[in-house]
Structures are given as C-alpha cells and as structure tokens.
Amino acid sequence: MNSTPRVALSEPVGDEVRKTTCYMCACRCGIDVHIKDGKIRYIEGNRDHPVNRGVLCAKGSAGIMQHYAPARLRAPLKRVGPRGSGEFQEISWDEALGIATGWLDGVRQSDPKKLAFFTGRDQSQSLTGFWAQQFGTPNYAAHGGFCSVNMAAAGIMTIGGAFWEFGAPDWDRTKLFIMFGVAEDHDSNPLKMGIAKVKKNGARFVSVNPVRTGYSAVADNWIGIRPGTDGLLILAVAHELLKARKIDVDYLMRYSNAPWLVVDAPGTAEHGLFARDAEGRELVFETVTERIVPRGTTGARPALSGRYTLEDGRFAVPSFQLVAEKYLDPKYAPEAVAGETGVAVDVIRGLAAEIARVAFDEAISIDQPWTDMNGERHDSFVGRPVSFHAMRGLSAHSNGFQTARALHMLQVLIGAVDCPGAFRFEPPYPKPVEAHPTPHGKAEHFGSNKPLSGPHLGFPRGPEDLLIDADGKPTRLDKAFSWDAPVSVHGLMHMVISNAHAGDPYPIDVLFLYMANMAWNSSMNTAGVIKMLEDKDPKTGEYRIPKIIYSDAYASEMVAYADLVLPDTTYLERHDCISMLDRPISEPDAVQDAIRWPVVEPDRDVRGFQTVLLDLGVRLKLPGFVDHHGRALYSDYADYIVRHERRPGIGPLAGFRGPNGDRVGRGAANPDQLKRYIENGSFFSAHIPLEAQFYKHANRAYQDFAVRMGFFDTPQPVTFQLYQETLQKFRLSAEGLREPFAPETHRRRILDTFDPLPFWYRPFEEEIVDRQTYPYQAITQRPAAMYHSWGSMNAWLRQIHTKNPLYVPGPICDELGLIDGDWVFLTSHHGRIKVEIARMEAVNSSTIWTWNAIGKREGAWALDRDAPEARKGFLMNHLINELLPPKGDGLRWSNSDPVTGQAAWYDLRVRIEKAEPAAASEPRFAPVSSEGHSGPKELRYGQEWAK
Amino acid sequence: MHPAFSIVIFTTLSGLGYGLAAVLGLGLLDPAATATKIAHLLALALIATGLLSSTLHLGNPQRAWRALSQWRSSWLSREGVMALITFVPLAWSAWASLFDGRYLALPGLVGTLLCAVTVYCTAMIYASLRSVQAWHTPLTPLCYLMFSAAGGLVLASFFGFAGAGSTVLAPALAATFTAAAWIAKLFWRHRMRTLRPISTPETATGLGRIGRVRLFERPHINENYLTSEMGFKIARKHAAKLSAIAFLLGGAVPVLLLLVLPLAGVGAGPSASLIALLAACCHAAGVLMERWLFFAEARHSVTNYYGG
Amino acid sequence: MTLLPAQPTPKKLGLVIDLDVCVGCHACVVSCKEWNTGGYGSALSDQDPYGADVSGAWLNRVHTFEVIPEGGEIVGEAGEARIVHFPKSCLHCEDAPCVTVCPTGASYKRAEDGIVLVDENMCIGCGLCAWACPYGAREMDLAAGVMKKCTLCIDRIYNETIEEVDRVPSCVRTCPANARHYGDLADPTSAVSILVAERGGMDLMPEQGTLPVNKYLPPRPRKPLADSAHSLPLAENTDGAKGFFGWLDGVLERI
C-alpha cells in the first residue's frame, strides 16, 4: 500500500519557548509560549508547573487570539466628545500622565478621600493597595465585594482560610468530594484535574448546583437545589450528623472553640461573649479537676456541654452546648427543609449518611509523627476523606455569609479541615483573624498630603473598628465597614459609582478604575450605572463624577466612559508577580509564587499598568515610590518586584532571594531574581516538610515553617470559630448594650442576621417581593470557555459563545407553550429584558438561567455593530438592582449580604411571559464607538508557516 | 443536504446531455438532418456545461485533472474518467453526422452504452453514500438513468419534430420513459419519506441506553461548514408543494404534450416543434426542481449531532 | 491512493474519549485549532471573525447533549435529565468512506498506523469526503479550498524535535479532565485498549459500518444518594439534645 511519508513529521514547533504565566482567567497556570519568526506560534501548558501540570483550558489556548485581538487599545486617550460617545483623541504618555498627575495631586493636597481607586480583575493588589495607602485615600478596594467576599470572610472568620485560593481538596486521598455552586471559570484547571482524579480513584463526587452544566454534568450525584437554600441543606446535614452522633468530638475539643465558655448573662454587655481571664485568655471548664482554666492549659480535658459558674458568679456554657442545641432542633430535620430547598428527604439523609460513612468508616491515616501547638506528640495524621469546595454559588446571596459559615462548621464537625483526604490550606493560609489587620479609613487615619495610617482592608474585631464618624456615618465612599456592611472585608466596589453619583456620603473628584467593566457586566443595574456616569450637575454643567481615569488593555464598554484612558499591555507583554503578599498559587504541600514577563514586545504605545502606577507615584512624590530627594525608587514594575521590601527581607517574591539566590521567603533582594524565575519556568516552589503538611492550624512544625518563610513573625495557630464572637459584639451593639451602639435603623437587621452561630434565612429579595408575582429564581452560570467579559474580542472563543439564550426549565416551557427560539419577557421588580429562550431539563425546576457576560454593548470590543453578542446576547444585570425594593420602613436597603455587603446577584426573583419574536434582545443601548481597530474579514493565523 | 446550484445544474444538464447523446447513438434520428446535427452539438454542449458547472464548487478547480486518478475506488473519479472516455464515441458520432451526414453504429451504440455508464457513475456518487440514507438505494441510479433517458427522448422528440424524423417513436418512447422515471421517483420518494433512520442521536452518541438524546448546545453557536453543507433543511409542506410542481412540469405536462402530437397526427413542422420545445423546457425545469429536492430533502447523518 | 490499506493495519492509532469525565470546557477544541492552524497544511481560517457570521474551520468540536431517561438504565438521581459533553473529531475509521470516495488520492489512510490524512496539495476541494463521513469529521477550509481534518497531530506524535512525553495529540496533552487518551487500539495490551475493555468502550454509529478506531467510554452507572438514606445509624439515645449531651459526656470520658 502506498504510504510513502507525505508529511514532514519532525518540524520544530518554533524558534524558542518562553515560559510565563497565563492570565486568561484567575487560575494562573504556567504556559510555554512557542515563538516563531517573532510571532506566537503555540501556547501550551507548562508540564513542570504546579498549578496545571501541563494542561491548559480553552481560554489559555486561545491566548494567541487575545493577544492579537483588534480590540486592543493602542495609545493613551483623552476624551473629546461627551461621555459614552467614544470620541477620543490619542495623546502621548507624557501628556496623559501629566493630566493624571494634575488631577491626583490636587486631590491629594486638598482632600485625598476625593480619589476613589478601585481595581477589578487585578492580580497586583499588593501594589495597588500599597499605592492607594501611600496616596492617602481611604477609598480603595478590589472587586471582591461583588465577587466572593462572603466565602472569604466566612472562611477566615471560621477556619482561618477559605476555599478557592486559600486551600484545595486533597485530591489524591479524598473519597467523597462535595461541591457547592461552583461554576467553571475559577481555579478551573486545578478543579478539572482534581475531579478527574476523584473519578479515577472511584471516589464519589456530589455537586450541589441548581444547574447541571460543566462540573455538575459529570458529578456522580447532582443535587439540583433551589438557589439560596444551600445553608438550609447544610444545616440539615449537620442535624442528621449530630443526631447520629457522627461528629469528631476529639477534633472539636482540640482544634475548635467548642469548649470555650460563652457568658450567659442576658442584658449585659458581655452576654454571649467568651469568658476570659485577666490576661484575656478564653476559658474552658476542665472536667477532671472541675475547674475553669484558660484554654490550652496542659493536660486539660475541657467540657463541651454543661453550665458553669464563673469566678465572678456569672454563668457560662461551652459554645458547643449552643451548637448542639441549635442544630438538633427539628426545624433542621430533612423533612422540615425538603420543601424550601427542593431536595428530597432521602437525598438529604443519604448525603449525611455518606458523609458520616466516609469520614468515620473510611478514615485514613498517614504515619508521620507530628507535634501540635500544645506540645502534644501525635503518631500520625488522621484523615477524614470528605472534602468540600464552594464558590460564588453560595456567596452571591444575601444569606451567603452565614451559609458559607455553615459549610465550614460542617467541615469542623466531622474533623475534615486540613487533614488527609479533606480540604487543605494553601500557604500562607491558615491565618487567623488576629493576624489580619483591622481596616483603616477613619477620619483620624488620613488627611491632606499624607499616607493612610494603615491598610485599607482588614477584619473589624467589633463595632469599634468600623470606619464611621462620630455620627455613625461612613467615612469610606463605598460605605464599607459601616453599619450597612460591617464586615465588608473586600470593600464594596459595586456601590462606588452610585454613591459617588449621589454624593452620599460625599462627592468625589476623581474615579480611578483598573480592569473593571463597571459600565457593563460588572455592575448591577447596568442602565442606571450608565446614566450615573453620564449625568451632569445642572447647576455647574459638570459631570457628577467629575473625572474618570480608566486603565484596560481592551476596548471594553467602560472605556467609552473614561475621561482619560491609560492603555495597558496584554498579559504576554508585561511583568507581573503572583505574590505571597497577595493571592499566591501555593498548593497544600508547597509554597509557590510566580511571575509574568514580556515574552513579546508591545507593538503599540501601551504600558503595563503597574509601571504606570509607579510612574504616577513618582510624579506625585508618594512615600515608598521616591527617595527623600524625590527621585524614583524603582525604574519600573520589574524593578519594584525585585527590590521592594514590605518588611525587611520580605518582598513581592519569595523565591531566589538573597545575594546568591538561595534564600527562600526571607532574604535580601536579589538583582537576578527575575532571571532565576524565568529560568525556572516563571514560578517558584518550596516544598513543605511532610511533618508540617497537615493540621497546619495547630501544627508546630508548620507554624515554625511559616515564620521561617516570613508569612508571620510569630506562630499564628488557628482555633476554628464555630461560635463567632465578633458577630455577637454587633448584636450587643444593636441591643444597645455595648458601645458603639448601632443606629436605630440598623438594629433589627443586625439582630436578625448577625447570629454568632451559622443559620439560614430566606434571601432578602425573595422575602420582600411577592413570591406569586415573581415565582422563579434567575441566575447566571459562567461558561468554561469565557472569563467574565473577556472572550468576545477573541476570534476563537467567541465562536463558542457568540450569544446566550435564556435557559428555561422544561415544565415552565410546557406551561407557557415555549419552544427553543421563542422570545420571552423576563421581569424582576427592577426591570425587564426581552430575550430568546432554549429549553433545559437538567435544571432546578424553578430556576431560569443564562451564561454570564456574553452579551456585549453594540460597538464595544471592536466587534461589528451587528455582532450576535450585541444583537441577541444579553445581560441578566439589567434585572438586578443595587437596592432592594422598599419594604415599608422608609429605607432602601442594599441588595447585599448584611454582614459583608456581598452583592446578592443570585437572589434575583423573576416572572416570565411569552413575547413576540424579535430580531434583537432588549433593552438596547446606543452604540459606543469602538476604540479598537476594526478587525479583518478573514483570519488565516499561521498561514505563513503552511508548508 | 445543501442543494448547491452548481451541482444541481451539473446533474440536470449532463443528465439531459447524456440522454440526448444516448438517443442519438441509437440512430433514431436522421443523421443528415440539420436538426440532428444541432442535436449532436447540443448534447455535447449540455454535457460540457454540466461538467464545467460541476467544477464551480471545487475549492481548487485548477487541480481538477487529479480527479481522474482514483477510478478504482471513487465513483466521482469513475464519473470523470467515463465522461472523458464517453466524449470519444460521442465526438466521433457527432463528426460523422455533422460532416458526413452519417450514422455510425459502432461509435453510436458504444456511445449510448457509455452515456448510460457515465450517468450511472454520477448517480452512484450519491447512492454510494451510506451517510445519506435517502440516497443509499439502487433506486437512485435507476431514477438518474430513467430521467436521463426520458430527458434525452424528450429532446429527441423536439428535434424529430424539427426535421430529424421519428415523430412517433421518439415521442412515444419519451412519454413512456418519462412516466417510468416518475414512477421510479415515486418509489424513491416513498422510500425516503418512510425511512426509519438507521442513525439517530442515540446511536450517534452511544447514549441511547441512558435515554432520549437531544442537542442542548451546539459546539459553536453560529452556522459552520457542516451545518450549511449538510444541515440544510426544507419544510415538509414546502417540499411537498415543490415536488408536485416538479412532477407536473417534468412529468405530466411533457407526457401530455408529446402524446397529443402523434395522437393528433401532427407531423414535423414549426408548430409541432414549438410544442415539443415547450415539452422539453418543462421537462428540464421539472427535473431541475426534482434534482434540487433530491439534495434539499436528503438528511445527512451528521445532523444527528446538530439537533436536526 | 484512496484504496484502503490491507485490514487491519498493524497499528491503529486513535483516541479514547471518556464521556464520564468530560466537563465540556472546550480546551481540546481550542488547543487543536491552535496547533493545527500553524502546523500541518494550510491555516485553519476563520470567516468574519469579528462580525455577525463568525465561523471557522475546527477539527474537533464539543457538542453538549441532554439525555432524558426513558425507562432505560438510570444514571444519576432517579428520573433526572443529565448533560453529557461530547467531543468529536475524526475517528480514523478502519473502513473509512471518506477515503474511498476521494477522486484525487488526496485522502488516504496510512498503512502503518491507520491515520487518515488529506494531502492538501492534491485536494481539489470537492467536499465529497465530508459528505461521505457520517460523523461530520471533515471540514472545508473556505480560505484554502481544501479539506481539513484531524491528523491525530501526526506532526506531534512522530516529532523528534519535541520531548517524548509530549508526542501525543495536542487535545490529549491539554485536556484538564483527562478525558482524552491516545494510543494504539490494535494492541490489546495498550492502556487505551485496556480502558476500552474495562469501561465498555463503544463505537459511534456502528450501523454505518465504518469501524471507527476512536472509542467512547460511556458515563459510568451511578449510585443514587437516596440509596444510602437508611444507612445512617440511629442515635443511641434519640432523646433530643439531652440524650446527645449524655452521649457526648461518654465520648469525652473515653478520649
């Protein structure tokens, strides 16, 4: 047979491989960029990289099209037409930076709070936060407030770390993996690799998610829960476990605050707080000697139940007594919650039974002696191989904080935190609340021409740490850390534009945004936000938000609303660090960080935003950016990454420190550090010794390791907080028992929701709107092949999701006579959209959903005007308001979690009606003119290499 | 299947051309008559136009010559080869008629045979495709051959009335073959309409043992080469209407006209020629529609992956 | 030469795709496009890439199906519909109809390993092979006018300039869920053959008689959670919280 080789089989892929870090989403995988003739030939996963081990997702592989997208901005822009018109004039960097410096310097001299600096998908928060602090404005945060702050805050306040970037399931050892509400766009490659392992090992994978796409599609068991009721399901499982006595008592006693005594003195300022001795140590009741002693007393065997009399005569009970009493209540029985959650009694009970069986009957053990923080020696690490993971599905509800707390409590109850087979922390976590700063931004923390006295974001220990003035009014523009959202540890970016527009609590002068598409998919109430950005004060003719500086790499919808545009580079043209000071890429077994470096040079007049920020810092002569002669400390971001020290010997990167590059964690700056990173594949990894790999929260070897690495200066063990005292302090304030007192307006809400023990309440929107008028829940899911709005400018990715239908459950379709391609009105208390539908069966029967952020505004992202993204694609955002509907108390409450301020995207209630067919979805907006090049009519990428 | 204009034209014109050439090869018409000479030229022109048209849909027509190489396995290649070979006796016959006014039995009969083989090859391009179940039947080549013969005879009748003789036999045969062609087509169509698809979304995905399979999301939202090439759909009602018109134009009308002429005893002449021409045009239009439907109504197994 | 090689070929290189773990992320789809647009033959072009009718040539696409149980084997929770992600590319059939219909000899099946390829220099772009393929595995590149198809990354798997571990198709190397496996299906001892044997690997549209080399592993049967509902032990003393605390004291005694 004729098979003479007709193909060149051994052509080299390219001329050179440059290894860097992906930025097509937040995974931060290692990539090998193959360069041929100066162009990108091929991008593949780096096999040696600890995050992705060689694999790469659709987004990562489509990096070529992202890099060469016509939507890239080309030069700094000055607005010349009205806002939103997209009329700009290209200017030089010198002029652009001059304008920005003029605006910012004025603000810094007169009133630094008149700058609001917020960043979106920023991976350099340790720099942006530092810059804002040196500038002196209290108004800085990233986008966590509308992303996943409920998860982060609840995790840190309960177990000293959260899911996602703070830890991971022990994929190799877990035998039962339970995932709540995770869509496909975050930590996606590690999750996919992990799920594959779970399935290969024959472990069970349970997904709790109203929609059965993506990961849920391959789950062994799918629980199509009604959105917003996960907390109830979790507590029902806790109920069953307590009833069946399937809890890890030893673990609770050792590692949680279950034995800590809670003062039982109603009507006093200490009621519900922990009993402490004179040195402030929490107390427990020692059962052998029957004495009350400080926790951690050697040899003490503390009680977990009972009622005891303190020295001062007050009563106190171990917090676990309160836990058990609360969750053994029949209101958490499966029968009682089945209706609300939409999950069958037998499924709830079966889930509890499987958790119990795997945790206790299939417990594992790693024979490795270790010593705990009390000095007690253990022969092995006991593992309860039940692991959990959760993300925005739990988070983006107005009960998300307490729901996330409930999930962490469940983990602790079965002894499944940081043990073999369970969820495990990734360094620098665990990190107790005490090791986090308190927030800064009170009036005394800032002033003209001086830095803010401490970091913006942190954990308030009680109402005394709120950023409010003497009248209880917020001092931050976004009202973070105010009575509205006391534990808003990530700030409230989603409130910035509406507050600045309303001048409430005060007007600002400059709004400075980075990589945040606030004029489109990153805002609730998109149409309202657009109006606010365009709105002028009739008296002065000035825009209500007078100056907007925006930095982005692409012609997103937000660009059209900026007065000054600072064009960023693509991720392949820049330096970056994925730092231990920020959101590192550590694994449970290793400390890791990474860099990006310019693997291709920009062909446009653009600059990396971080370098621009450093330049602005120099022009503004900010401390930390200039020396005492006013000369620049750093030549650019690369130089900053290498030479900046946050504490002596501790800089943005942990690897290759010291003059010889052999120091890890702590060490002098090494001028060759970036070179060493690049040689190492642009990442650094230091293994944690086996003895230190588990029980990190209480493991002496790990704590010493953490100090050596420079995470902390002293050991910071974590005691899991089932009972959360900080929340109780707010309740006491709301009862008028503890100063500062909560304002009358907020007391009811705090009393209702700041329970120190996790509980479930119906999401606010569902509670307020009429359930008959708006009978269904509407949510969005994130597709695996698109990251937020990034992707539509990508010629390959946009072919996968060119438009998004509204997915409607089969029973609703049958009731309304809807078939694929029909049009409907979807209406909420706030707005109405008209969109095309598609039928779906594998979905919770009362949940309507669509893919997130596929819809684009006409003219944006350098797409043709008639692009399906703009014609038929749509956003659910138009239905969501930042505020709840009035509930008759004369106030408009924000549509967010009352504890953290997390935007409650997923609380949306809707009704659906059939509509006449249409050519385009509604609402429609006037086109913005695109600042990118208009693209070619045909692409033949790589044709020059065709043989 | 997408009814590409070039392919519809190709099969229709070459079918008519080969049909006419085959009739000429039988020597039914007076070889010395001008009409016969024109008929020879027309047959060659129809065949050539059809073949040229078929190259219009090629991505790289400059390499079309390569298509002659794989006659051992490929019906398309066989068709190409046969088309070229068939030109030899047809040109010979045409030469003899044009320049000598003679009918030569050897090239004539060989030509007729080769015409049939070529048309058969054309039909087998489609009939050999198991992926298009409607086509995958011996009825497909039968229909192609019958329509080709009918078309050739209808045209021959016209030339007969236009002075080439055979004003009875040719129309009679034309009517017979046209009727037969439509009967074959009726069977073909009935089969297509009542087919139980051998391939379904369940067999295409192997997921039938779990349940009923329906497309939830296309791999890429917009149309692609596969959906535009293989996913062409025509409404059943629409197809039925077109099919009826095709039958009227391509079958009923020409049969009627061609039977009326000899029955009325009309011999050669301008008015008879005109009527016969009308019959031929109707027939061609009807076959064109039939051919369009042949593609448009056929369902490719790939549609099982695209919700169709 | 479009006659098929003698059957069976000594090697049958192909893919095994695990429908039990494919999460439908499209990683393989884009990686394939990326590798092949600058590799074997002409680029994989995209038409109207930033406009309304954006479309392009892809050699591997992931479809998403919804399967609604109808009395058959029930997978997952009883009676519930499920989503199955379904990657599809050329199956490198043993009896490849796309090869035999090719009039020019551009399409061929390699005798040594069974890979089905198109020699683009000989392809006239007639499209008949795409018609002949029941699976839709071949796509015309509209810019080059030649037929494109999965090459099993022949310019990777035999490529001596890349590391041995990477000599697998791009889609296999990139798949984050390990849903794609590459190997010799003629060798019963190969990892892929063992997977197929153990998991009941299946052919797509066997009725088409194409004898596909690529196999699909069906979703594994699943055990409903509700089956475990009654395995949770009843409490020793169900007398509410009081009984619980009695039990707790007992446990603490034993610690």
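In this text the structure is predicted, and so the values were computed from the model without any measurement. Each chain has its residues counted from 1, following the order in which its sequence is written. Going through the entries in the order they are written, you letter the chains from A and number the ligands from 1. Given that the model is predicted, a residue must reach a pLDDT of at least 70 before its local features are reported, and side-chain atom pairs must reach 80 or more before they are shown or counted; all residues, however, enter totals for whole chains, interfaces and linings.

## Structural notes on the overall build of chain C
The number of helices and strands found in chain C is 7 helices and 11 strands. The globule rule puts the C-alpha radius of gyration for 255 residues at 18 Å, and the 25 Å found for chain C is more than 25% above it. Classification of the 255 residues of chain C by burial places 64% in the buried group. Excluding contacts between residues fewer than 6 apart, the proportion of contacts in chain C whose partners are at least 24 apart in sequence is 62%. Only runs of H or I of at least four residues qualify as helices and only runs of E of at least two qualify as strands under DSSP, and these elements are numbered from the N terminus. What the globule rule says is 2.2 Å times the number of residues to the power 0.38, and the radius of gyration is computed from C-alpha atoms. Exposed residues have 12 or fewer other C-beta atoms within 10 Å of their own C-beta, buried residues have 20 or more, and residues in between are partly exposed; the C-beta atoms are placed from the backbone. Two residues qualify as being in contact provided that their C-beta atoms, derived from the backbone, are within 7 Å of each other.

## Thoughts on the overall build of chain B
Check the secondary structure of chain B and you find 10 helices and 1 strand. Taken from the N to the C terminus, the helices and strands of chain B come in the order α-α-α-α-α-α-α-β-α-α-α. C-alpha extents for chain B along the principal axes are approximately 70 × 45 × 30 Å. The burial tally for chain B puts 57% of its 308 residues in the buried class. Residue pairs in contact within chain B that sit at least 24 positions apart in sequence constitute 79% of those at least 6 positions apart.

## Concerning the packing of helix α4 (residues 125–135) of chain A against helix α18 (residues 609–619) of chain A
Residues and elements named next belong to chain A. Contact geometry of α4 with α18 gives a least axis separation of 11 Å together with a crossing angle of 15 degrees. Relative to α18, the element α4 is oriented roughly parallel. The interaxial crossing formed by α4 with α18 has left-handed handedness. Touching Leu127, Thr128, Trp131 and Gln134 of α4 are Gln610, Leu613 and Gly617, all from α18. In this description, a line fitted to the C-alpha atoms serves as the axis of each element, helices being fitted only across the stretch in contact, and the angle between N-to-C directions of two axes falls anywhere from 0 to 180 degrees. Roughly parallel covers angles under 35 degrees, roughly antiparallel covers those over 145, roughly perpendicular covers 65 to 115, and oblique covers all other angles. Two helices crossing with the near one rotated counterclockwise from the far one by less than a right angle form a left-handed crossing, whereas a clockwise rotation gives a right-handed crossing.

## A word on the UniProt feature "transmembrane region" (unreviewed entry) in chain B
Residues and elements named next belong to chain B. Mapped onto this numbering, the UniProt entry gives "transmembrane region" (unreviewed entry) at residues 37–59, 80–98, 104–129, 141–162, 168–188, 242–265 and 271–289. Within residues 37–59, the helical portion is 83% and the strand portion 0%, while the C-alpha atoms at the span's ends are 36 Å from each other. Annotated as 100% helix and 0% strand, the span residues 80–98 places its first and last C-alpha atoms 26 Å apart. UniProt positions are given in the numbering used here, feature names are shortened, and annotations may be inferred rather than shown by experiment.

## What about the interface of chain A and chain B?
Reports of interface size often rely on the accessible area that becomes lost once the parts have come together. Every contact between the two is made by 6 residues of chain A and, on the other side, 4 residues of chain B. Throughout this entry, Asp, Glu, Lys and Arg are counted as charged residues, while Ala, Val, Leu, Ile, Met, Phe, Trp, Tyr, Cys and Pro are counted as nonpolar. The remaining residues, Gly among them, count as polar. Grouping the amino acids of the side of chain A that touches chain B by side-chain chemistry returns 2 nonpolar, 3 polar and 1 charged.

## Details of the nonpolar core
The nonpolar core is taken to be a set of buried Ala, Val, Leu, Ile, Met, Phe, Trp, Tyr and Cys residues joined by way of C-beta atoms within 7 Å. Formed by 501 residues in total, the largest nonpolar core has its most connected members in A:Val237, A:Leu241, A:Ile355 and A:Ala390. The biggest single contributor to this core is helix α5 (residues 139–164) of chain B, with 17 residues. Looking at this core, you find at least three residues from each of domain 1 (151–428) and domain 2 (764–915) of chain A. Apart from the residues lying within four places of it in its own chain, the contact partners of A:Val237 are A:Ile348, A:Leu351, A:Ala352, A:Ile355 and A:Leu410. The start and end points of each domain follow an automatic or database-based domain assignment.

## Some details on the interface of chain C and chain A
If you look at the interface, chain C gives 84 residues, while chain A gives 94 residues. Grouping the constituent residues of the side of chain C that touches chain A by class yields 44 nonpolar, 22 polar and 18 charged.

## With respect to unusual backbone geometry
Residue and element names in this part refer to chain A. In this structure, Pro428 follows Pro427 across a cis peptide bond, with omega equal to 10 degrees. Relative to the helices and strands, Pro428 is located in the loop between β22 (423–425) and α16 (493–502). Residue Pro923 is bonded to the preceding Glu922 through a cis peptide linkage, with omega at 5 degrees. By the element assignment, Pro923 lies in the loop between β34 (909–915) and β35 (938–939). The phi dihedral of Ala853 is positive, around 60 degrees, even though this residue is not glycine. The topology assignment puts Ala853 in the loop between β33 (847–851) and α27 (868–871).

## Details of the sheet that holds strand β26 (residues 576–578) of chain A
Residues and elements named next belong to chain A. Judged by pairing direction, the sheet is antiparallel, and its 3 strands sit side by side in the order β26-β27-β28 without closing on themselves. The open sheet terminates on both sides in strands that have one partner only, identified here as β26 and β28 (683–687). Across this sheet, the average inter-strand angle for adjacent strands is 10 degrees, counted without regard to direction. With 3 bridges joining them, β26 and strand β27 (residues 590–596) adopt antiparallel strand pairing. Strand pairing is defined by DSSP finding a minimum of two bridges between the two strands.

## Brief notes about the sheet that holds strand β7 (residues 140–141) of chain A
Remark on secondary structure: sheet strands pair via backbone hydrogen bonds, oriented parallel or antiparallel. Residue and element names in this part refer to chain A. Pairing is mixed in the open sheet, where 7 strands are placed in the order β5-β4-β25-β24-β23-β6-β7. The sheet is open, and its two borders are formed by β5 (88–90) and β7, each paired with just one other strand. Here strand β24 (residues 547–552) runs beside strand β25 (residues 564–567); their pairing, made up of 4 bridges, is parallel. Looking across to β25, one finds that Tyr550 is bridged to Val565. Packing of helix α3 (residues 93–110) onto the sheet brings it into contact with β6 (115–119), β23 (510–514), β24 and β25, and relative to β25 it is tilted by some 120 degrees.

## Re the environment of B:Lys185
Residues and elements named next belong to chain B. Along the polypeptide, Lys185 turns up in helix α6 (residues 169–194). The class for Lys185 is buried, based on 24 C-beta atoms found within 10 Å. Here the alpha-carbon distance between Lys185 and Leu98, two residues 87 residues apart in the chain, equals 36 Å. In this structure, Lys185 is in contact with Cys143 and Glu290, ignoring residues within four places of it in sequence.

## Digging into the pairing of strand β14 (residues 291–294) of chain A
Residue and element names in this part refer to chain A. Pairing of strand β13 (residues 283–286) with β14, which is carried by 4 bridges, proceeds in the antiparallel orientation. Within β14, the position partnered with Phe285 by the bridge is Ile292. From the end of β13 to the start of β14, which pair antiparallel, there are 4 residues, and Glu290 there has a positive phi angle of about 55 degrees.

## A word on the pairing of β33(A)
Residues and elements named next belong to chain A. Most of β33 sits inside the fold, with 5 of its 5 residues counted as buried. Both faces of β33 are covered, namely the face carrying Thr847, Trp849 and Trp851 and the face carrying Ile848 and Thr850. Looking at chain direction, strand β29 (residues 776–781) and β33 are connected through 5 bridges and run parallel. Looking across to β33, one finds that Ile779 is bridged to Trp849.

## Points about the confidence of the model for chain C
Residues and elements named next belong to chain C. Summary of the metric used: pLDDT quantifies the predictor's per-residue confidence within the range 0 to 100. On average, chain C scores 92 in pLDDT, and the residues at 70 or more come to 94%. Across residues 72–78, confidence stays below pLDDT 50; counting only partners more than four residues off in sequence or on other chains, it has 21 contacts. Both scores are given for the predicted complex: the pTM is 0.96, the ipTM 0.96.

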